[in-house]
Amino acid sequence: MKLALFQRVLCAFALLLAFGLRAAETFTVATYNVENYLDKAIGTRTAKTEAAKAKIREGIRALNPDVLALQEMGTTNALLELRASLKAEGLDFPHWEHVRGFDTNIFVAVLSRFPIVARRPHTNENYLLNGRRLYVSRGFAEVDIKVGADYTFTLITAHLKSKRPVPVASEADMREQEALRLREIISARLAANPRANLVVLGDFNDTRDSKPIKTLLGGRGADGLVDTRPAERNGDNLPNPVPYYSPRNITWTYYYGVKDTYERIDYIFISKPMAREWNKDGTFALTLANWGAGSDHRPIAASFFRVDK
């Protein structure tokens, strides 16, 4: 009896050890549009309520990411409040980045458990449209993150022009131009280092078949990106009966109240070298009760092995 008990304990210990080793070998990257995470009202944008903040933190804790890209973040004070609140609840992000663009109300940001070893904030990106000089509203946050002694990756997060009409130009044309500018940065990074581990993620405000998304993904060449397509973990695992379409699992990330529709407009794209380390089993769209109390977007996450393959 004692021998059998010892064997069971030993087996359980081995399983826990194996699980711990697997967990240690992977890391998770996530993106979340936190819908006007403001510490005070600005114009028509209201301050984030405590209840909404709590729901956002609940979602982030459920994701348990190692690196988190944020869109519609408020000032650095708002970011640091979120960071401190998460730390008080057991989720510590010692490293952070906050990037200001042309928009003075909402911004893009990054929280990381791992050191940020280089920063290349894109705060003044611009383009010509119909003879007029326009600016990328939220800029792009670009950082190099050192996961461990043997693995580093570059993360670029963006929040492209929304579908809300504006008087200066067509919102669709503006979004396409922002995507083209971001694609130039992506192509430059991969031209300089074709083996670069690169993650491009955020709220791109358009669907998979649109010009901006096709622009960001690129073609089949070396600088093309891979769509990780996070989906709900609800048991759906069958291929699409129409073979050239993606599976019919649930991938929506955004609820648009005007049209009462659910769309996938938040993405995690990766370079082809980084796709070799992609852990599909750890890639998902978060399902959370009353998710909409925090934001009109759902967060998504992708997992990677921390070794170049």
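Presented here is a report on the structure given in the accompanying data block.

Rules used throughout
- Residues numbered from 1 in each chain as written.
- Predicted model: local features only at pLDDT ≥ 70, side-chain atom pairs only at ≥ 80, totals over all residues.
- Heavy atoms only, no water.
- Helix = DSSP H or I, 4+ residues; strand = E, 2+ residues; numbered from the N terminus.
- Rg over C-alpha atoms; globule rule 2.2 N^0.38 Å.
- Buried < 20%, exposed > 50% of the residue type's maximum accessible area, 1.4 Å probe, protein only.
- Contact = heavy atoms within 4.5 Å.
- Areas by Shrake-Rupley, 256 points an atom, 1.4 Å probe, with all protein chains shown as cover.
- Lys, Arg positive; Asp, Glu negative; His and termini not counted.
- Charge placed at Lys NZ, Arg CZ, Asp CG, Glu CD.
- 1 Å grid on protein atoms, 1.4 Å probe; cavity = no way out; pocket = protein on both sides within 12 Å on 5 of 7 lines; lining within 4 Å.
- Points joined across faces, edges and corners; volume = space filled by probe spheres on them.
- Nonpolar A, V, L, I, M, F, W, Y, C, P; charged D, E, K, R; others polar.
- Axes fitted to C-alpha atoms, helices over the stretch in contact; angles between N-to-C directions.
- Parallel < 35°, antiparallel > 145°, perpendicular 65-115°, else oblique.
- Left-handed = near helix turned anticlockwise from the far one by under 90°.
- Pairing = 2+ DSSP bridges.

This paragraph deals with the overall build of the protein. For the protein, the count of helices and strands is six helices and 16 strands. Relative to a compact globule of 309 residues, whose C-alpha radius of gyration would be 19 Å, the protein shows 20 Å and is just as compact. Taking the principal axes of the C-alpha coordinates as reference, the protein spans close to 85 × 45 × 45 Å. Within the protein, the fraction of its 309 residues that count as buried is 49%. Of all intrachain contacts in the protein linking residues separated by at least 6 positions in sequence, the fraction that spans at least 24 positions is 69%. Of the accessible surface of the protein, which amounts to about 15200 Å², a share of 55% is contributed by carbon and sulfur atoms. Computed over 43 positive and 35 negative side-chain charges, the separation of the two mean positions in the protein equals 3 Å.

On to the layout of surface pockets, then. Any empty space left between the atoms is revealed when a probe the size of a water molecule rolls over them. By volume, the largest pocket amounts to about 810 Å³. Lining the largest pocket are 33 residues, and of these Arg45, Arg138, Lys161, Ser162 and Arg164 lie nearest its centre. Secondary-structure elements contributing two or more residues to the lining of the largest pocket are strand E1 (26-37), strand E7 (132-135) and strand E12 (254-256). Residue composition of the lining of the largest pocket, grouped by class: twelve nonpolar, nine polar and twelve charged.

Here we take up the packing of helix H2 (residues 50-63) against helix H3 (residues 76-88). Two numbers describe how H2 lies on H3: the axes approach to 11 Å, and their chain directions differ by 60 degrees. Taken together, the axes of H2 and H3 are oblique relative to one another. H3 is crossed by H2, and the crossing has right-handed handedness. The residues of H3 that touch H2, namely those facing Lys53, Arg57 and Ile60, are Glu81, Leu82, Ser85 and Leu86.

What follows is about the sheet that holds strand E11 (residues 225-227). If you walk across this open sheet you meet the six strands as E5-E8-E9-E10-E14-E11, and the pairing is mixed. Each edge of the open sheet is held by one strand with a lone partner, namely strand E5 (116-119) and E11. Averaged over all neighbouring strand pairs, the angle between strand axes comes to 25 degrees, with direction disregarded. Sheet analysis places strand E10 (residues 198-203) next to strand E14 (residues 266-271), joined by five bridges and oriented antiparallel. Bridge assignment links Val200 to a residue of E14, and that residue is Phe269. Sitting on the sheet, helix H4 (residues 171-192) is in contact with strand E8 (140-148), strand E9 (151-159), E10, E11 and E14, with an inclination near 35 degrees to E8.

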